[in-house]
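# Close look at the chain arrangement
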Amino acid sequence: MRRSAFFALVLAAAAAPAYAQTTPAIYPVLAAGFTQSLDGQWSFKYIAGLDSGRDAAFHDPATDLSAWKTIAVPANWELHGFADAHYYMDLQDGLGLYRRTFRVPATWRGSRRVVLRFEGVAFGFQAWVNGKSVGSSTASAFNPTTFDITDALSSDPAADNTLAVEVTTKPLAWQSDVNDDWDLSGIFRDVNVFSLPTGHLEDVTTSTTLTAEGSADLSVNVQLNGKADVHATLVAPGGATVAEFALLPSADGHHSALVQVKNPHLWTAETPSLYRLKLTLSANGQPLQSLEQPVGLREISIRDGILKLNGRPIKLRGVDRHDEDPVHGRALVEADWVRDIKMLQQGNINFVRTSHSPPNSRFLELCDQAGIYVLDEVPLAHFQSAEKNNPAYRANVLARVEHTIIRDKNHPSVIAWSIGNENKIADMLFDAGKRAKEIDPSRPICYPTIGTYFDEHRDAFPPFVDMLALHYPSNAMLKHWTETLDRPTLLTEYAHANGLAAEHIQDQWDMMQAAPHFAGGAIWHFMDQGLLKTSDKPVDRSKPTSSVWLDATHYYDMHGTGGQDGILYADRSPQPDFLETRKVYAPVQFLDRAVAVHPGAQEISLTLENRFDFRSLAGMKLAWSLQRNGADLQTGEVSLKTPSRQRETLHIPVTIPADATQDVLTLSARCVDEQSSPINETNLRLTLPGASLDGWLSALPAEKMLLADTAAGVTITSPHWTLTVSRNTGELLIKDSAGEVVVAGIAPHAGRKLTEPERGRAKRVDMWTGSILTKAESPEIKASQDKDTIHLEVSARYPRAGAPEQCFVGGYQLDIAPNGVLTFHFSYTPASARGSLAEAGLSLVLPAAMTEFRYIGDGPYAGYPGKDRLDNFGLFLLNHDDLRLQGNRRHTAVALLTTPPGTGVALLTQPA
């Protein structure tokens with residue numbers, strides 16, 4: 001999140017329902033035959049306030065709710081038309097009253113207990129069964145809550161039990177659950193009721209220690225309610241049984257065992273090998289309960305200020321991610337998580353920070369399987385000066401830590417804990433970190449902090465804070481950190497992807513890649529925070545909009561520009577920033593951009609760098625093709641073998657045509673993995689001695705040019721076009737022989753539409769936003785002819801629109817050769833000008849009919865300094881309606897702007 005909080009937790013909490021928090025004391029074993037999902041349609045009423053009023057008795061089964069509407073559980077009530085969705089700290093007062101019935105089988109009775117479990121409720125709630133209060137919670141919308149409801153159930157197994165839930169938007173500490181995103185309320189994760197034997201699991205903890213001999217010691221610790229014998233089986237990834245063992249009771253009542261695994265398949269993001277741990281509880285030889293869960297054998301450590309996994313340094317190529325979807329809100333479904341994992345992998349992203357709360361546990365399971373590192377964030381935020389040490393929040397703060405870690409500590413993908421987000425230093429929050437380390441000493445902790453605040457309070461972070469987690473440094477600040485910090489450091493937010501202009505991805509990642517104690521970073525943000533909505537009237541395409549439109553009436557609402565900060569659109573369609581991230585994060589990097597060649601047979605050297613931390617490139621391939629003007633001349637394939645964190649130089653045999661000096665020659669190379677999924681690709685520009693892309697100009701025939709210099713202006717006529725310049729206005733027009741406009745003007749270029757970061761800067765700095773200075777004051781026109789060449793000079797004072805005292809002074813010179821080629825030179829100087837120019841130069845104004853853009857240069861996306869890896873060199877064609885047409889193109893040698901049939905202009909420059 002990027003904004004500071006100005007709301008006091010204390011004041012808000014004073015009027016909030018004083019719900020308590022409960023600590024989970026039951027390990028959720030959802031056994032077949034003893035589990036019932038309560039997801040589905042519930043009776044529902046929304047109240048726009050915090051007082052249930054005349055509906056206060058809704059939890060009484062005798063209360064008639066036949067007139068109420070229904071709502072799906074899980075779901076957010078704002079996405080079902082019950083209330084408008086608001087953003088960030090604008091959470092509205094509201095109550096959601098839910099009710100449904102369920103039955104409990106007779107087999108769940110007797111010596112067994114019945115448990116009700118909510119996986120996520122926004123933002124606080126209390127529950128009743130058959131009119132009896134069974135518990136409540138304010139310990140985060142994103143943590144699970146369990147209640148033993150046995151004593152509240154009907155004694156008749158055939159009778160319905162009535163479950164009622166009152167959800168409030170303003171419980172104690174609600175501010176910690178709203179962070180730079182939509183405020184979506186209600187029961188948004190699964191609800192289950194399940195049955196347990198009297199002797200059952202209360203907690204399970206697994207951890208791994210690697211030995212010097214190369215084996216892995218797996219520690220299994222179980223806490224029970226009641227007495228039971230505990231037996232375990234460990235199954236290898238391939239299905240073979242590794243060990244069968246008993247967990248022995250200790251003096252503290254826990255059961256534990258230490259199992260040595262020889263030649264282990266260690267879990268990493270590159271090799272996500274999962275064992276299976278099967279636990280069985282029994283008493284007097286009779287089975288009571290069984291559990292099977294994945295186990296990743298891996299050890300996290302810090303040595304010499306470097307974060308290591310399995311004894312080796314790792315780099316976390318990451319993004320921040322909210323558990324949210326534009327259609328489902330926070331009530332995501334399996335397809336949403338599978339889609340996101342796929343997009344992470346396509347983007348070469350191996351790390352997710354769960355901003356700013358624990359995700360659905362299913363997402364973590366998929367990260368375990370796919371190989372994604374996770375920084376799991378405890379939902380604690382907005383602790384500013386007034387509330388950071390308020391004792392009223394202490395129990396709530398510690399409960400949030402406990403619930404997060406107890407639920408997620410056995411996921412191998414979770415490699416560290418984040419204790420809240422962008423809080424000020426507070427003893428209570430440091431106590432939260434200590435509590436986290438008590439529960440789970442196997443992982444490091446961090447406190448994500450704004451970089452400038454950290455620099456002011458650097459000495460206040462105690463030694464038990466294992467890692468530094470910093471936000472949004474300048475390049476100079478980051479360079480200073482790489483040289484001075486001595487703890488493992490993460491940029492838990494960097495390269496803010498505001499609008500379509502993520503800043504500093506490439507240059508800041510390069511600094512982190514080179515600094516051993518920098519473990520990596522997370523770009524803010526993975527996707528735009530948008531909700532799918534329908535407009536009452538079609539969009540006006542001629543007017544600016546802050547939304548992303550799918551068609552004429554459907555759009556993604558990002559709360560203006562508030563949620564426009566993803567490298568993906570809300571529906572996970574890639575933005576150019578995602579494609580740049582993919583290139584910068586690629587674990588296989590091409591180190592060459594251009595190679596000098598000569599005609600004939602030869603070998604081209606191509607150097608790769610393997611940035612994987614554990615695996616070699618063995619099994620991967622490099623597919624290459626020698627291309628002439630985009631067409632293949634030769635193709636081939638090379639098997640790769642580069643060790644991790646090493647470089648390899650390949651030698652590609654090619655034959656270069658001798659007659660290709662006026663062509664575009666490239667070596668296209670693409671690295672693919674064992675499943676043929678692309679990892680990275682490049683086009684090396686091949687340069688021949690004496691090569692030139694403008695040699696065809698000499699083939700243009702010389703033709704008669706006529707110059708007419710009058711009091712009204714200058715006219716230059718060729719057989720194919722006519723150029724006129726008005727002495728009164730300085731306006732230039734070029735029309736073809738049919739009288740159609742080919743060039744509609746030439747003027748100083750003095751700005752462009754601002755990017756979102758620049759729009760923020762424009763609040764402090766006067767930014768020039770007009771593309772061209774259209775008015776020419778006191779223009780001076782000079783024309784002459786030297787043998788066959790016509791010379792034209794146009795100069796003037798060009799005032800800034802709305803501020804005429806500021807201006808550009810200067811002009812352009814135009815030399816027209818007999819073959820019709822126009823050569824421009826220009827020079828403009830700002831005079832009495834203030835503010836900042838995003839761009840400056842010369843603008844050529846073209847008619848709207850010229851919709852086709854062909855060019856030779858870097859593409860196909862817009863390119864700017866610091867984004868060199870996004871594009872490759874080649875030939876490209878774009879259309880005016882292409883979503884990604886607008887923007888700068890780099891290293892451009894030739895550009896054609898034409899109508900679809902081909903009428904238009906060709907621009908030739910030194911690579912520009």
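Residues numbered from 1 in each chain as written. Predicted model: local features only at pLDDT ≥ 70, side-chain atom pairs only at ≥ 80, totals over all residues. Heavy atoms only, no water.

The next thing to look at is the sheet that holds strand β8 (residues 124-129). Strand order across the open sheet formed by six strands is β3-β2-β5-β11-β8-β9, with antiparallel pairing between neighbours. Taken across any chain shown, the strands that pair with only one partner, and hence form the sheet edges, are β3 (69-73) and β9 (132-137). Averaged over all neighbouring strand pairs, the angle between strand axes comes to 30°, with direction disregarded. Judged from the five bridges that link them, strand β2 (residues 40-47) and β3 form a sheet pairing that is antiparallel. Counterpart to Phe44 in the pairing with β3 is Lys69. (Pairing = 2+ DSSP bridges. Helix = DSSP H or I, 4+ residues; strand = E, 2+ residues; numbered from the N terminus. Axes fitted to C-alpha atoms, helices over the stretch in contact; angles between N-to-C directions.)

Another aspect to go through is the pairing of strand β22 (residues 300-303). Sheet topology note: the β22/strand β23 (residues 306-309) ladder contains four bridges and is antiparallel. Counted as the bridge partner of Ile302 is Leu307 from β23. As consecutive antiparallel partners, β22 and β23 are separated by two residues, and within that stretch Asp304 has a phi angle of approximately 55°, a positive value.

Let us now look at the nonpolar core. Membership of the largest hydrophobic core comes to 68 residues, with the highest contact counts inside it found for Leu344, Leu380, Ile419, Tyr447 and Trp481. Leave out the neighbours within four places in its chain, and Leu380 touches Ser176, Val397, Arg400, Val401, Ile419, Gly420, Asn421, Asn423, Leu429 and Ala432. Listed in part, the 30 residues of the second largest apolar core include Phe102, Ala152, Leu153 and Val165. (Core = buried A, V, L, I, M, F, W, Y, C linked by side-chain atoms within 4.5 Å. Buried < 20%, exposed > 50% of the residue type's maximum accessible area, 1.4 Å probe, protein only. Contact = heavy atoms within 4.5 Å.)

Below, the discussion takes up the sheet that holds strand β49 (residues 741-743). Across the sheet, which stays open at both edges, the five strands sit in the order β45-β46-β47-β48-β49 with antiparallel pairing between neighbours. The open sheet is flanked by β45 (706-709) and β49, the only strands paired with a single partner. Geometrically, the sheet is characterised by an average inter-axis angle of 20° between neighbouring strands, direction not taken into account. Where strand β48 (residues 732-736) lies against β49, two bridges are found, and the strand directions are antiparallel. Within β49, the position partnered with Lys735 by the bridge is Val741.

The next thing to look at is the pairing of strand β47 (residues 721-726). The side-chain alternation of β47 yields one buried face, formed by Trp721, Leu723 and Val725, and one unburied face, formed by Thr722, Thr724 and Ser726. Taken together, the five bridges between strand β46 (residues 713-717) and β47 define a ladder with antiparallel strand orientation. Note on β47: the bridge partner recorded for Thr715 is Thr724. Counting the residues in the hairpin turn of β46 and β47 gives three residues. Two strands pair when backbone bridges link them, and β47 and β48 are joined in this way by five bridges, in the antiparallel orientation.

As a further point, take the confidence of the model for the chain. Across the chain, the average pLDDT comes to 94, with 97% of residues at 70 or higher. Low pLDDT (under 50) marks residues 1-23, which in the prediction has 76 contacts with non-local residues, meaning those over four places away or in another chain. (pLDDT = per-residue confidence, 0-100.)

Now for the side chain of Asn390. Among the structural elements, Asn390 can be located in the loop between β27 (373-381) and α4 (394-408). Polar contacts involving the side chain of Asn390 include one to the main-chain amide nitrogen of Ala392, which spans 2.9 Å. (Polar contact = N/O pair within 3.5 Å; in protein donor to acceptor, adjacent residues only side chain to side chain.)

Attention now moves to the packing of helix α7 (residues 475-484) against helix α8 (residues 505-514). For any two helices packed against each other, the geometry comes down to the angle between their axes and how far apart the axes lie. It is at 10 Å that the axes of α7 and α8 come closest, and there the two elements cross at 5°. By the angle class used here, α7 and α8 are roughly parallel. Contacts from Asn475, Leu478, Lys479 and Thr482 in α7 reach Asp507, Gln508 and Met511 in α8. For the contact of α7 with α8, the per-class residue count stands at two nonpolar, three polar and two charged. (Parallel < 35°, antiparallel > 145°, perpendicular 65-115°, else oblique. Nonpolar A, V, L, I, M, F, W, Y, C, P; charged D, E, K, R; others polar.)

What follows deals with the packing of aromatic side chains. Applying the stated criterion across every chain yields a total of 26 aromatic pairs. Aromatic side chains Phe58 and Trp128 sit 5.7 Å apart centroid to centroid with 80° between the ring planes, which places their arrangement in the edge-to-face category. On the criterion of sequence distance, the pair formed by Phe58 in the loop between β2 and β3 and Trp128 in strand β8 is long-range, its members being 70 residues apart. The exposure class of Trp128 is buried, given its relative accessible area of 10%. By the ring-pair criterion, three or more aromatic residues cluster together here, those being Trp42, Phe44, Tyr46, Trp77, Phe82 and Tyr98. Of note, Arg321 hangs over the ring of Phe363, and the distance from its end group to the ring centre comes to 3.9 Å. One residue, Arg615, lies across the ring of Phe612, its end atom 5.7 Å from the ring centre. (Phe/Tyr/Trp six-rings, centres within 6.5 Å; stacked < 30°, edge-to-face > 60°. Lys NZ or Arg CZ within 6 Å of the ring centre and 35° of its normal.)

A cis amide bond links Trp524 to the next residue, His525, at an omega of 15°. Looking at the secondary structure, you find His525 in the loop between β33 (518-523) and β34 (531-534). For the bond running from Gly859 to Pro860, omega is 10°, close enough to zero to count as cis. Residue Ser140 is not a glycine yet carries a positive backbone phi of 90°. By the element assignment, Ser140 lies in the loop between β9 and β10 (145-148). For Ser778, which is not glycine, the phi torsion reads 50° and is therefore positive. Checked against the element boundaries, Ser778 lands in strand β52 (residues 777-786).

In the structure shown here, the tally under the stated rule is zero disulfides. A disulfide-free cysteine, Cys446 has its sulfur positioned 17 Å from the sulfur of Cys367, the nearest such atom. (Disulfide = S-S within 2.5 Å.)

Our focus in this paragraph is the environment of Asn284. Inspection of the secondary structure puts Asn284 in the loop between β20 (275-283) and β21 (286-295). Taking C-alpha positions, Asn284 is 44 Å from Ala72, a pair spaced 212 residues apart along the chain.

Our focus in this paragraph is the side chain of Gln575. In this structure, Gln575 sits in the loop between β36 (554-557) and α9 (576-585). Given a relative accessible area of 1%, Gln575 falls into the buried group. Those residues in contact with Gln575 that lie beyond four places of it in its chain are Gly499, Leu500, Asp528, Gly566, Ile567, Leu568, Tyr569 and Arg884.

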